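Residue-level listing of the chains:
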Amino acid sequence: MKLLYGTGNPAKLDVMRRCLADLGIELIGLKDLGEVRLPEIIEDGKTPLENARKKAEAYFEALHMPVFSCDSGLYFDDVAEEDQPGVHVRTVNGKYLSDEEMTAHYANLAKKYGGLTGHYKNAISLILDETHRYDAMEPSMESASFRLVGTPHPKSKKGFPLDRLSIDLQTGKYYYDRKEKETGFDPLDQLAVESGFPQFFERVMKEYNRMERYEFRTICQEEMEQGVAIELACFPPNEACSEKSMRERVQYAPELFLAAVDKETGKIAGTLNGLATNETKFRDAFFDEISLYDPEGENVMLLGLSVLPEYRGQGIARALMDEYCRRERKNGRKRLILTCLQDKVEMYQKMNFHDDGISASTWGGEAWHDMTRDI
């Protein structure tokens, strides 16, 4: 498969090519497109994922080809808010810095604090076609923590100015002075050390090939029985929603009831459903009171993610969540909110939810965790 990497930075393109070399992906960059008019993109997102998504969507709309974009945020420990780079690593006081200017700025910042310890949070947004879009900003994509100092190393590599100031915490050496045997990787390959990137592409390509078997769409009224049966089959009695409430969701909010339908058999393999609201905290009443449904609400309280046992292990749950996010973002929603038991927290974190802590929910008499994903 040929993919466009939405970057004009040849160093980043080279690193990513090597990162994905074993996956059979042909990678091209923006400069490989020749004299093509590219969209102007304002990277004003608050997180790396928001900016990655902005770029990928803009390039896809303009070029109509599979594309992905990445974005990073640099986060230091124990610095004042005004000195925290976040997503504005290269832009300081409204000015886009050159490699030399970046080196000077961060060297001065390191001197101000007597050295800085930080790490990168990285995000990726991949669009294969109109219906297959994948986002991730996972812990496995974060860089290892490193130390930034005020004296630049004499070596430099275009596109990676902060490597000149970076000290490896394990060896105490500049990145440029580490030996291959001490690190196990090329110290200049910032992305290659983050195993989350090749893992992301490997997972997505497998899911994409498998998902051709399924159609993701709103549940139909005549499929109500299947929707109810799946929910009741996938949750234990102390967690399962009542049949009455399930029927009300299908009847009154079918547009928020997404189904993964097996194209070969017509059978529903899995579902994801919720209710729109302007409330920001999950409460038990959402499970049973359809009157809380607000079609104009900017948030969605997710009430059930279910995949039949014979369809598990194929990535359907993640595909349902990704499609739900894409669709509800187009509908103007801002975030998805859910509550889950401790043993499901890690699963939802892999779907880009963050743990908001112990819930006020008392459903089933167990401790639940509230989780949120901005879309």
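Structure: above.
The structure presented is a predicted model; accordingly, all values stated were derived computationally and were not measured.

Colleague: What's the story with the side chain of Gln-314 in this structure? I'm lost.
Modeller: Tracing the backbone through its elements, the reader meets Gln-314 in the loop between β13 (299-307) and α9 (316-330). The exposure class assigned to Gln-314 is buried, which follows from its relative accessible area of 16%. Of the polar contacts made by the side chain of Gln-314, one reaches the side chain of Tyr-214; its length is 2.7 Å. For Gln-314, the residues in contact, after removing those within four places along its chain, are Arg-210, Met-211, Arg-213 and Tyr-214.

Colleague: Please clarify how unusual backbone geometry should be interpreted in this entry.
Modeller: If a residue is not glycine, its phi is most likely negative; likewise, a peptide bond is most likely trans. One non-glycine residue, His-64, lies in the positive phi region at around 55°. Position of His-64 relative to the elements: it lies in the loop between α2 (48-63) and β3 (67-76). For Asp-78, which is not a glycine, the phi torsion comes out positive at approximately 55°. Residue position: Asp-78 is located in the loop between β3 and β4 (91-92). With a relative accessible area of 77%, Asp-78 lands in the exposed category.

Colleague: Help me out: how do you make sense of α2 in this one?
Modeller: Every α-helix carries 3.6 residues per turn, so stepping three or four residues along brings you back to the same face. In this model α2 runs 22 Å from its N-terminal to its C-terminal C-alpha over 16 residues, within 8% of the 22 Å that 1.5 Å per residue would give. If you follow the buried residues of α2, they end up packed against β1 (2-5), β3, β6 (116-129), β7 (132-136), α9 and β16 (368-374). Positive backbone phi, at 55°, marks His-64, one or two positions downstream of α2.

Colleague: What am I meant to see in the environment of Ala-229 here?
Modeller: Structurally, Ala-229 is set in helix α6 (residues 224-234). A sequence separation of 74 residues divides Ala-229 from Lys-155, and the C-alpha atoms of the two residues are 64 Å apart.

Colleague: Is there a simple way to explain the environment of Leu-126 in this structure?
Modeller: Relative to the elements of secondary structure, Leu-126 occurs in strand β6. Of the residues examined, Leu-126 reaches a relative accessible area of 0% and is grouped as buried. Taking C-alpha positions, Leu-126 is 11 Å from Tyr-59, a pair spaced 67 residues apart along the chain. Ignoring anything within four residues of it in the chain, the contact list for Leu-126 reads Leu-3, Val-67, Phe-68, His-132, Arg-133, Tyr-134, Asp-135, Phe-200, Phe-201 and Val-204.

Reading the values: the criteria
- Every chain begins its residue count from 1, and numbering advances along the sequence as written.
- Confidence filtering applies because this is a predicted model: local features only for residues at pLDDT of at least 70, side-chain atom pairs given and counted only at 80 or more, and all residues used for totals across whole chains, interfaces and linings.
- The side-chain figures draw on all heavy atoms in the structure; neither hydrogens nor water molecules are used.
- In this text, helices come from DSSP runs of H or I with a minimum length of four residues, and strands from runs of E with a minimum of two, each type numbered from the N-terminal end.
- Residue burial is assigned from relative accessible area. The probe radius is 1.4 Å, only protein chains are included, and a residue is buried under 20% of its type maximum, exposed over 50%, and partly exposed in between.
- Counted as a polar contact is a pair of N or O atoms within 3.5 Å, where, for protein atoms, one must be capable of donating a hydrogen and the other of accepting one, and residues adjacent in sequence contribute only when both atoms are in side chains.
- Between two residues, a contact is recorded if the distance between any of their heavy atoms is within 4.5 Å.
- A helix is expected to reach a length of 1.5 Å times the quantity of its residues less one.

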